[in-house]
Amino acid sequence: MTSISEDSDKEKVRSVSVDLNNDASLVIDIPDALCERDKVKFTIHIKTTLSSFQKSEFSVPRQHEDFIWLHDTIVETEEYAGLIIPPAPPKPDFEGPREKMHKLGEGESSMTKEEYAKMKQELEAEYLAVFKKTVQVHEVFLQRLSSHPMFRKDRNFQIFLEYDQDLTVRRKNAKEMFGGFFKNMVKSADEVLISGVKEVDEFFEQEKIFLLDYSSKIKDATAKAEKMTRSHKNVADDYNHISGAMNSIAADNNTAFKKHLEKCAEVFEKLRKLEDRVASDQELKLTELLRYYTRDIQAAKDLLYRRARALADYENSNKTLDKARLKGKDIAQAEENQKQCLRKFDKLSESGKKELTSFKARRVVAFRKNLIEMTELEIKHAKNSMSLLQGSIEILNSN
Amino acid sequence: VCACVRESVCERERESVCECVREGVLFLSQSPEAACLSAEDISPSSNGPRDDDPDDLFAEATEEVSLDSPERQPILSDGPSPAITPVTPVMISPRVDDEDEEENRDTFDIQISVSDPEKVGDGMNAYMVYKVTTKTSLSIFSRDEVCVKRRFSDFLGLYSKLASKYMHMGYIVPPAPEKSIVGMTKVKVGKEDLSSVEFVEKRRSALERYLLRTVKHPALLKDPDVLQFLESSELPRAVSTQALSGAGILRMVNKAADAVNKMTIKMNESDAWFEEKQQQFENLDVQLRKLHASVESLVCHRKELSVNTASFAKSAAMLGNSEDHTALSRALSQLAEVEEKIDQLHQDQSYADFYLISELLGDYVRLITAVKGVFDQRMKAWAKWQDAQVMLQRKREAEAKLQYANKPDKLQQATDEIREWEGKVQQGERDFEQISKNIRREVGRFEKDRVKDFRVVIIKYLESLVHTQQQLIKYWEAFLPEAKAIA
């Protein structure tokens, strides 16, 4: 386990999960993305040695909706019921930068040239941060699929990667989407089913207890981490305003004090950049990690639900068989049904066990990697802040 | 140019000062009654010209005042602004310059601390009492260490007295901390919660800064009311400082009247320095308020950051408990501990944000208001002088008319009135020039202090930030091996 993460430390991998590109037979990354108004177009780059693909290296443009289509088709595939299905990437959210851009446009006349330039710079930085996040999360989704022995062979996955035209035709229409909504509603009612079903298998009993509890805790931790990050950004914002206010006081002064004030304003401006960096690194390494695993835990829970469903079906089939035996009708049919249910349930249990075990391993490695990186970045930023501050104190004292 | 020349009564035109006056020509001689317009005349000596006195006001009326000069002007007051609080008539005799210069050159050796807030009484009549400790080697104090107990209204009373004595002369009297009905009510009601503790601490700190700033002013340091405040164990209660007292209401009325007057006085500013400075202070007022608002926002957000970090720490601890992988569980618990320490760091930093910078800026915003007030006083002095000149002109016209009408008894009265108003004109001009001079000196001192204060505070603040970063490095470096130990 440790060797994997060490390798990934050397490589420039942006994934929140473990290095998923360690299998050279199918390597996927998203080197580029284009944002047009509401739509983001990702450029998927594929390198493969597999014969199932026509070319060995190629790129293809895809939209967010294409990813959702792929995810949903996989979810609906009966064959994968015993697998943890990688969570769908969330929709790219450019609301924040868009709002800022709006404000910038409105306030352009009332701002000085410097203020405008500064705000524009901030806007670009925020845009870039959202961009990085969404690329990362879409990339990880594909890499999870490509590194899984079963998903990588999926026909739809191959279409997604290879089809050189627009996938719009194949995407869900409105009716199907409603079906999805409905399914979700039924599913939450079935969470009761998961906790209700009598578990015979010790492993699954433990997993059930763990997943139900962990899922609510990680959701809470994600929310609190988000609030913390937002506060950091607010502090950075305040440093910005303080710097501006000091500059305007300095502009009116004509003495040596003016230089002093300008230097102070500069310090606050630099502090702001550092604080911003701390906030965005914390978001990327901590908040995003928690967000991702909240979704992954949900996917694991979905697996448990499907298995619980299969168990319920098996138990029902037993009852049906008993009834048929009593009545003396349709016995063969009922026997066949029961055999099938049992087979399905066993298959789910077997692959489910494997999936859940490797899920834990994957989770531990991802947390380790991100916690280490976050800590190293915090130390780096704190050291930079300190040397900035100490240097400034020296300069201000010598004036 | 001397008033007598302006009125073309005296033919002897001299360069700067009218020698008519120097030579004691009757024309501008004044009787004490003419000079004193109120019962609160302070100076026992006459306002007449004195040849041998180095403090001859007329000698210096048109001199350029250097901002560094430690000169003391005799504290003469003629007609104080409407003061409501009964000021104990204090005799201030004009001091000789030398003595003052010496004391100035001494190191400013006085320390004042305000401490040990104690609640006295209960319910709505309760109040806080603070211990005021003065340690000094200055000779004007009777002992080198004094402790007295004072309540908030005592401080307000002190300010009120000082303002009424000195503000109309152009002295920048440091304002006392503001009242807060909400804050005090919470304390009175007896809530021992964090917000009332913070309120009392905020007030204690503000009172301390107020006293230090007051005694930093060389004239105020020697004021008997200040000395009495710092030294005497019993202080008459300043009742008229209450907002809803009769005095309080009169104060508000006067403030309103002042504001109206300010709008109607259109002063002919002949001195570019004053015009420039007034504009500068207007600008500085706006900019300081903006800066203060930004710092207040920082204080608020930093507190939020502390709260959110603490909340995350708890959540991370719960997550660690839930985690079934032992090593990861341990690491998450330790992450929770680190974040808890960090939330305390943020809280401490927000106190530094507040007490070092935010409160200081708040003080300066109020000080600038006092500075602007002093410029307004000068305008009032100018207006008074102008009004006196107008009156004088009328009296002269009246006399001229009477001369034609040939009414000898009324004529005598008219002549007397002319003399009276000539005196007032002279006094008005003197006062105007005096206040202008004082303001120049005060503004110089204010700007020096402001620069010094800011330099000191910004360094202290940056050092507090350094400390926070150092602690952050310590905490994260301790956590790093824990994160690496996840296996």
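- The name given to chain B in an unreviewed UniProt entry is Sorting nexin-2, and the organism recorded there is Cyprinus carpio.
- UniProt annotates chain B under Sequence similarities (unreviewed entry) with the comment "Belongs to the sorting nexin family."

- By the naming in an unreviewed UniProt entry, chain A goes by Sorting nexin and is assigned to Cyprinus carpio carpio.
- Taken verbatim from the UniProt record of chain A, the Function (unreviewed entry) comment is "Involved in several stages of intracellular trafficking."
- Heading Sequence similarities (unreviewed entry) of the UniProt record for chain A holds this comment: "Belongs to the sorting nexin family."

1. Things to note about the confidence of the model for chain B
Fine structural detail should not be taken from predicted coordinates in areas where pLDDT scores are low.
Residue and element names in this part refer to chain B.
Line of reasoning, step 1. Residues with a pLDDT of 70 or more make up 73% of chain B, whose mean pLDDT is 77.
Line of reasoning, step 2. Put simply, helix α3 (residues 32-35) is where chain B has its lowest mean pLDDT, 34, and helix α12 (residues 272-322) is where it has its highest, 93.
Line of reasoning, step 3. Low confidence marks residues 1-106, where pLDDT is under 50. Its contacts with residues over four positions away, or in another chain, come to 145 contacts.
Line of reasoning, step 4. Complex prediction metrics read pTM 0.77 and ipTM 0.85.

2. Observations regarding the sheet that holds strand β3 (residues 57-63) of chain A
All names here are of chain A.
Line of reasoning, step 1. In space, the three strands of this open sheet follow the order β1-β2-β3, with antiparallel pairing throughout. With partners counted over all chains shown, the strands left at the sheet margins are β1 (26-36) and β3, one partner each. When the angles between neighbouring strand axes are averaged without regard to direction, this sheet yields 20°.
Line of reasoning, step 2. As paired strands, β1 and strand β2 (residues 39-48) are joined by nine bridges and run antiparallel to one another.

3. As for the packing of helix α4 (residues 113-146) of chain A against helix α8 (residues 256-327) of chain A
Residue and element names in this part refer to chain A.
Line of reasoning, step 1. Contact geometry of α4 with α8 gives a least axis separation of 12 Å together with a crossing angle of 25°. Considered as vectors, α4 and α8 are oriented roughly parallel to each other. In this structure, α4 crosses over α8, and the sense of that crossing is right-handed. Residues K118, E122, K133, Q136, V137, V140 and R144 of α4 lie in contact with α8, whose contacting residues are E269, R272, E283, L284, E288, R291, Y292, R295 and D296.

4. Quick look at the sheet that holds strand β1 (residues 110-120) of chain B
All names here are of chain B.
Line of reasoning, step 1. As summarised here, the arrangement of the three strands in space is β1-β2-β3, forming an open sheet in which the pairing is antiparallel. Looking at which strands have only one partner, the edges of the open sheet turn out to be β1 and β3 (145-151). The average undirected angle you get between the axes of adjacent strands in this sheet is 20°.
Line of reasoning, step 2. Pairing geometry for β1 and strand β2 (residues 127-136), over nine bridges, is antiparallel. Paired with I112 across the bridge in β2 is T134.

5. What to know about the interface of chain A and chain B
Line of reasoning, step 1. On the side of chain B, 51 residues touch chain A, which itself brings 57 residues to the contact.
Line of reasoning, step 2. Counting each side, the surface lost to burial between chain A and chain B is near 5,200 Å², with a carbon and sulfur contribution of 71%.
Line of reasoning, step 3. Linking chain A with chain B are five salt bridges.
Line of reasoning, step 4. One salt bridge in this structure joins E323 of chain B and R363 of chain A, with 2.4 Å as the shortest N-O distance.
Line of reasoning, step 5. Here chain A is connected to chain B by 20 residue pairs in polar contact (both at pLDDT 80 or more).
Line of reasoning, step 6. Those elements that place two or more of their residues in the side of chain A that touches chain B are α7 (202-252), α8 and α9 (331-398) of chain A.
Line of reasoning, step 7. For the side of chain A that touches chain B, the element with the highest residue contribution is α7 of chain A, accounting for 25 residues.
Line of reasoning, step 8. For the side of chain A that touches chain B, the class distribution of residues is 31 nonpolar, twelve polar and 14 charged.

6. Remarks on a positive patch on the surface
Residues and elements named next belong to chain A.
Line of reasoning, step 1. Judged by side-chain charge, K319, K323, K327 and K329 come together as a positively charged surface patch.
Line of reasoning, step 2. Relative to the helices and strands, K329 resides in the loop between α8 and α9.
Line of reasoning, step 3. Under the relative-accessibility criterion, K329 is labelled exposed at 56%.

7. Side note on the confidence of the model for chain A
Line of reasoning, step 1. On average, residues of chain A score 84 in pLDDT, and 87% of them are at 70 or above.
Line of reasoning, step 2. Counting contacts from residues 1-17 of chain A, a segment whose pLDDT is below 50, to residues more than four positions away or on other chains yields 31 contacts.

8. Focus: the UniProt feature "coiled-coil region" (unreviewed entry) in chain B
Line of reasoning, step 1. As recorded in UniProt, the sites labelled "coiled-coil region" (unreviewed entry) are residues 411-438 of chain B.
Line of reasoning, step 2. In the segment residues 411-438 of chain B, helix accounts for 100% and strand for 0%; the C-alpha atoms at its two ends are 40 Å apart.

9. Concerning helix α13 (residues 326-405) of chain B
Residues and elements named next belong to chain B.
Line of reasoning, step 1. For α13, which comprises 80 residues, the first-to-last C-alpha distance of 116 Å matches the rise-based estimate of 118 Å (1.5 Å per residue) to within 8%.
Line of reasoning, step 2. Of all the bends in α13, the largest measures some 30° and sits at F354.
Line of reasoning, step 3. Two residues or fewer after α13 comes N406, characterised by a positive phi angle close to 60°.

10. Quick look at the environment of F94 of chain A
Residue and element names in this part refer to chain A.
Line of reasoning, step 1. As for its position among the elements, F94 is in the loop between α2 (64-75) and α3 (95-107).
Line of reasoning, step 2. Take F94: its relative accessible area is 5%, and that puts it in the buried class.
Line of reasoning, step 3. In this structure, the C-alpha to C-alpha distance between F94 and N399, residues 305 residues apart in sequence, is 45 Å.
Line of reasoning, step 4. Residues within four places of F94 in sequence aside, it is in contact with C35, V40, Y127, V130 and F131.

11. Quick notes on the pattern of salt bridges
Line of reasoning, step 1. Applying the stated rule across the entire model yields 49 salt bridges over all chains.
Line of reasoning, step 2. A salt bridge links K131 of chain B to D116 of chain B; its shortest N-O distance comes to 3.4 Å. Of this pair, K131 of chain B sits in strand β2 while D116 of chain B sits in strand β1, and the two are 15 residues apart along the sequence.
Line of reasoning, step 3. One continuous salt-bridge network, built from bridges that share partners, spans K133, E226, K233, E283, E288 and R291 of chain A.

Cut-off values and rules
Residues numbered from 1 in each chain as written. Chains lettered and ligands numbered in written order. Predicted model: local features only at pLDDT ≥ 70, side-chain atom pairs only at ≥ 80, totals over all residues. Heavy atoms only, no water. UniProt positions renumbered as here; feature names shortened; annotations may be inferred. pLDDT = per-residue confidence, 0-100. Helix = DSSP H or I, 4+ residues; strand = E, 2+ residues; numbered from the N terminus. Contact = heavy atoms within 4.5 Å. Pairing = 2+ DSSP bridges. Axes fitted to C-alpha atoms, helices over the stretch in contact; angles between N-to-C directions. Parallel < 35°, antiparallel > 145°, perpendicular 65-115°, else oblique. Left-handed = near helix turned anticlockwise from the far one by under 90°. Buried area = accessible area lost by both parts, 1.4 Å probe. Salt bridge = Lys/Arg side-chain N within 4 Å of Asp/Glu carboxyl O. Polar contact = N/O pair within 3.5 Å; in protein donor to acceptor, adjacent residues only side chain to side chain. Nonpolar A, V, L, I, M, F, W, Y, C, P; charged D, E, K, R; others polar. Patch = residues over 30% accessible without salt bridge, like charges linked within 9 Å, V, L, I, M, F, W, Y side chains within 5 Å. Areas by Shrake-Rupley, 256 points an atom, 1.4 Å probe, with all protein chains shown as cover. Lys, Arg positive; Asp, Glu negative; His and termini not counted. Charge placed at Lys NZ, Arg CZ, Asp CG, Glu CD. Buried < 20%, exposed > 50% of the residue type's maximum accessible area, 1.4 Å probe, protein only. Expected span 1.5 Å × (residues − 1). Bend = angle between axes of the 7 residues up to and from the residue.

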